[in-house]
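# Breakdown of the fold
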Amino acid sequence: METTDKEILIEGVDPRELYGPQNCYLEQIKALHPGLRIVARGSSLKVLGSKVEQERFERRLEGLVAYYLKYGHISKEVVAQAFAGGISQEDAPVDKDVIVYGNNGAVIRARTVNQQRMVRLYDECDLLFAVGPAGSGKTYTAIALAVRALREKQVRRIILTRPAVEAGEKLGFLPGDMKEKLDPYLQPLYDALNDMIPAAKLQKFMEDGTVQIAPLAYMRGRTLDHAFVILDEAQNTTLSQIKMFLTRMGRSAKFIVTGDVTQIDLPHRSDSGLTRAMEILEPVQEIGRVLFDQRDIVRHPLVKRIVAAFDQQSEERQKNDKPKTNN
């Protein structure tokens, strides 16, 4: 039987993810095709053997890559299944609440009723407001949806932004240039991405602009096509800022706005544009709205009680501040 060389390019996947720690998956793949000589050279594989065996190997490798692109992880079991008889996205087990698979196969799923509602509305609406208390998972869910959309090639890039409000802390006193001053403020967005995208790949994405994290002011003048854009901490935008952001929406774009109206850091609470924008846009039926509450808080159990206590104190203060009428 004639033996030939064939080079197979690995596209869309960091080869280190495909080859596994210490090339463990690559060695497993080689063992499953003893009739081929397989040599890895970065993002390509040189395969020596019969043409029939090479084609079989390439089909199975494509199935493994497709699985990774959809689910974001690979295991020895997945490799065995792929190279035993092939695997496709349709063959993969589906959990309807799973949004995306994070690093090391971590499962990121919609864990509460409103998180599940947010995932459903994302499929129906190109613009979505998600508003509620800290710890309810609104931003994390939004970023998981963005990572899934990027993996499935529904969008070409992810853009995460926040208004650069100092929240009672003076950024001017921090060392470094503007980026170094703002990076700690944007850190929660980096943390979420680091849970879902391998470090090397995330670094590459940030270098080539596939993933961008920037203050809201950087959005002015841009038209954002084929992008998944998240405005976080939107309670700290003015009405004119949130209007500017929403009008950046380009073709085939997905926008999600998240915020917590109990944590407004603007000099005057009435300056917040989030609730006013939602009221103005209420007649627009194509916009999705999810209102999170204490039941959605998925942090430490004490967080729910802390939020409830502050809410109660705020309600009591509002009652006491109401002007008394004379009988």
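Residues numbered from 1 in each chain as written. Predicted model: local features only at pLDDT ≥ 70, side-chain atom pairs only at ≥ 80, totals over all residues. Heavy atoms only, no water.

### A look at the overall build of the chain
Counting secondary structure elements, the chain contains 11 helices and 11 strands. Out of the 327 residues in the chain, the part that is buried amounts to 48%. Long-range pairs, those at least 24 residues apart, make up 71% of the contacts in the chain with a sequence separation of at least 6. Carbon together with sulfur atoms contributes 50% to the accessible area of the chain, which is approximately 18,200 Å² in total. (Helix = DSSP H or I, 4+ residues; strand = E, 2+ residues; numbered from the N terminus. Buried < 20%, exposed > 50% of the residue type's maximum accessible area, 1.4 Å probe, protein only. Contact = heavy atoms within 4.5 Å. Areas by Shrake-Rupley, 256 points an atom, 1.4 Å probe, with all protein chains shown as cover.)

### A closer look at the sheet that holds strand β9 (residues 227-231)
With parallel pairing, the 6 strands of this open sheet are ordered in space as β8-β7-β9-β10-β6-β11. Among the strands making up the open sheet, the edge pair consists of β8 (211-215) and β11 (287-291). For this sheet the average axis-to-axis angle between neighbouring strands, irrespective of direction, equals 15 degrees. Pairing between strand β6 (residues 127-131) and β11: 5 bridges, direction parallel. In the strand pairing of β11, Val-131 is matched with Leu-291. (Pairing = 2+ DSSP bridges. Axes fitted to C-alpha atoms, helices over the stretch in contact; angles between N-to-C directions.)

### Examining a nonpolar patch on the surface
On the surface, Leu-302, Ile-306 and Phe-310 cluster together to form a nonpolar patch covering roughly 320 Å² of accessible area. With respect to the helices and strands, the residue Ile-306 is situated in helix α11 (residues 301-321). (Patch = residues over 30% accessible without salt bridge, like charges linked within 9 Å, V, L, I, M, F, W, Y side chains within 5 Å. Salt bridge = Lys/Arg side-chain N within 4 Å of Asp/Glu carboxyl O.)

### Some words on the pattern of salt bridges
Under the definition given, this model contains 11 salt bridges. Here Lys-30 and Glu-27 are joined by a salt bridge, their closest N and O atoms 3.8 Å apart. With Lys-30 and Glu-27 both in helix α2 (residues 24-32), this residue pair falls 3 residues apart, about one helical turn. Note that Lys-204 and Asp-208 form a salt bridge whose closest N and O atoms lie 3.5 Å from each other. Placement of the pair is Lys-204 and Asp-208 together in helix α8 (residues 199-208), with a separation of 4 residues, close to one helical turn. With a relative accessible area of 43%, Asp-208 lands in the partly exposed category. Overlapping salt bridges bring together Arg-162, Asp-232 and Glu-233 as one network.

### Looking at the confidence of the model for the chain
Overall, the predicted model of the chain reaches an average pLDDT of 83, with 85% of residues at or above 70. Predicted confidence is poor over residues 166-171, with pLDDT under 50, and the contacts of this stretch with residues over four places away or in other chains come to 4 contacts. (pLDDT = per-residue confidence, 0-100.)

### Re helix α5 (residues 113-124)
Taking 1.5 Å per residue, 12 residues should reach 16 Å; α5 reaches 17 Å between its end C-alpha atoms and fits that length. Among the residues of α5, those classed as buried are Asn-114, Gln-115, Met-118, Val-119, Leu-121 and Tyr-122. Buried residues of α5 fall within an arc of 170 degrees about the axis and therefore sit on the same side. Looking at α5, the residues exposed on the side facing more than 90 degrees away from the buried face are Val-113, Asp-123 and Glu-124. (Expected span 1.5 Å × (residues − 1). Arc of directions from axis to C-beta.)

### Some remarks on the packing of aromatic side chains
Here a ring pair, both rings aromatic, is described through the centre-centre distance and the interplanar angle of the planes. Within this structure, the stated rule accounts for 2 aromatic pairs. Their ring planes at 20 degrees and their centres at 5.6 Å tell us that Tyr-122 and Phe-228 sit as a pair that is stacked. In this pair, Tyr-122 is assigned in helix α5 and Phe-228 in strand β9, connecting sequence segments 106 residues apart. With a centroid separation of 4.9 Å and 40 degrees between ring planes, the pair formed by Phe-245 and Phe-255 is classed as tilted. Here Phe-245, found in helix α9 (residues 239-246), pairs with Phe-255, found in strand β10 (residues 254-259); they are 10 residues apart in sequence, far enough to count as distant. Over the ring of Tyr-122 we find Lys-254; its NZ or CZ atom is 4.4 Å from the centre of that ring. (Phe/Tyr/Trp six-rings, centres within 6.5 Å; stacked < 30°, edge-to-face > 60°. Lys NZ or Arg CZ within 6 Å of the ring centre and 35° of its normal.)

### Examining unusual backbone geometry
Located in the positive-phi region is His-226, a residue other than glycine, with phi close to 50 degrees. Note that His-226 resides in the loop between β8 and β9.

### Some points on the sheet that holds strand β2 (residues 37-41)
The strand order across the open sheet built from 3 strands is β1-β3-β2, with neighbouring strands paired in antiparallel fashion. The sheet is open, and its two borders are formed by β1 (4-9) and β2, each paired with just one other strand. Strand after strand, the sheet turns through a mean of 20 degrees between neighbouring axes, direction not considered. In this structure, β2 lies alongside strand β3 (residues 44-49), joined through 5 bridges in antiparallel fashion. Residue pairing in the sheet places Val-39 in a bridge with Lys-46 of β3.

### Describing the side chain of Thr-139
Mapped onto the elements, Thr-139 comes out in helix α6 (residues 138-151). A polar side-chain atom of Thr-139 sits 3.3 Å from a polar atom in the side chain of Thr-258. Excluding its chain neighbours within four sequence positions, the residues that come into contact with Thr-139 are Leu-189, Asp-232 and Thr-258. (Polar contact = N/O pair within 3.5 Å; in protein donor to acceptor, adjacent residues only side chain to side chain.)

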